[in-house]
Amino acid sequence: MSLFIMYSTYLRPVEEIHAECLDEHVDYLQKLIDEDVLFYGGRRDTHEGGVYIASADSKEAFEDIIQGDPFYKTGSIKYEIIAFDGHMVHPDIAKYLQE
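1. Considering the pairing of strand 1 (residues 2-10)
No. 1: In terms of strand pairing, strand 1 meets strand 3 (residues 50-56) through 6 bridges, oriented antiparallel. Pairing of Ile5 across the sheet is with Ile53, part of strand 3.
No. 2: Relative to strand 4 (residues 77-84), strand 1 is paired through 8 bridges, and the arrangement is antiparallel. Counted as the bridge partner of Phe4 is Ala83 from strand 4.

Next up, the structure:
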C-alpha cells in the first residue's frame, strides 16, 4: 500500500459547491473511510479546500478513486496528490497499512 496526502482546492464559490453536492461528497468520503482508504480529512482553515490522508495500491489507483467524488465529478474542485513513505507510523494506524 502507498500513502498519500491530498490537497483539494475549490474552483467555484464554496457556497455553490456545498449547495450542489455537499451531502453526496460527505457520503463518498464516509464510504472511503469504511473501506479503509481514507484515514483523515477535513476542510482547510482557509476554507478554500481540504486536506486528506489516504492509502491505495498506487497513485494511479488513488486517482481513480478520487474521480468518484461528487466534488470532482461536477468540476468543482481540483486535487494535488503527494505520495509519501510512511515508515514512521503509530501502531493504531499501522494495522490498516498491512498488505
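2. Details of the nonpolar core
No. 1: One finds Met6, Phe62, Phe71 and Tyr79 to be the most contacted residues of the largest nonpolar core, which totals 20 residues.
No. 2: Looking at this core, the elements that each hand over two or more residues are strand 1, helix 1 (14-34), strand 3, helix 2 (59-66) and strand 4.
No. 3: The greatest single-element share of this core, amounting to 6 residues, is contributed by helix 1.
No. 4: If near-sequence neighbours (up to four positions away) are discounted, Phe62 is found in contact with Phe4, Met6, Val37, Ala54, Ala56 and Ile81.

3. Examining the sheet that holds strand 4
No. 1: Within the open sheet, the 4 strands sit side by side as 2-3-1-4. Their pairing is antiparallel. The sheet is open, and its two borders are formed by strand 2 (38-43) and strand 4, each paired with just one other strand. Averaged over all pairs of adjacent strands, the angle between strand axes in this sheet comes to 20°, irrespective of strand direction.
No. 2: Judged from the 5 bridges that link them, strand 2 and strand 3 form a sheet pairing that is antiparallel. Within strand 3, the residue paired with Tyr40 across the bridge is Ile53.

4. Quick word on empty space enclosed by the protein
No. 1: Under the definition given, this model contains 1 cavity of 30 Å³ or more.
No. 2: What lines the largest cavity is simply Met6, Tyr28, Leu29, Leu32, Leu38, Tyr52, Ala54, Phe62, Ile66, Asp69 and Tyr79.
No. 3: Contributions of two or more residues to the lining of the largest cavity are made by helix 1, strand 3 and helix 2.
No. 4: Here the residues of the lining of the largest cavity are counted per class, giving 10 nonpolar, no polar and 1 charged.

5. Some points on helix 1
No. 1: The end-to-end C-alpha separation of helix 1 is 26 Å, well short of the 30 Å expected for 21 residues at 1.5 Å each.
No. 2: At Cys21, helix 1 shows its largest kink, close to 75°.
No. 3: Residues of helix 1 that are buried include every one of Val14, Ile17, Cys21, His25, Tyr28, Leu29 and Leu32, and no others.
No. 4: The secondary structure elements touched by the buried residues of helix 1 are strand 1, strand 2, strand 3, helix 2 and helix 3 (70-73).
No. 5: After helix 1 finishes, the residue Asp36 shows a positive phi value of roughly 60°.

Rules and cut-offs
- Residues numbered from 1 in each chain as written.
- Predicted model: local features only at pLDDT ≥ 70, side-chain atom pairs only at ≥ 80, totals over all residues.
- Heavy atoms only, no water.
- Pairing = 2+ DSSP bridges.
- Helix = DSSP H or I, 4+ residues; strand = E, 2+ residues; numbered from the N terminus.
- Core = buried A, V, L, I, M, F, W, Y, C linked by side-chain atoms within 4.5 Å.
- Buried < 20%, exposed > 50% of the residue type's maximum accessible area, 1.4 Å probe, protein only.
- Contact = heavy atoms within 4.5 Å.
- Axes fitted to C-alpha atoms, helices over the stretch in contact; angles between N-to-C directions.
- 1 Å grid on protein atoms, 1.4 Å probe; cavity = no way out; pocket = protein on both sides within 12 Å on 5 of 7 lines; lining within 4 Å.
- Points joined across faces, edges and corners; volume = space filled by probe spheres on them.
- Nonpolar A, V, L, I, M, F, W, Y, C, P; charged D, E, K, R; others polar.
- Expected span 1.5 Å × (residues − 1).
- Bend = angle between axes of the 7 residues up to and from the residue.

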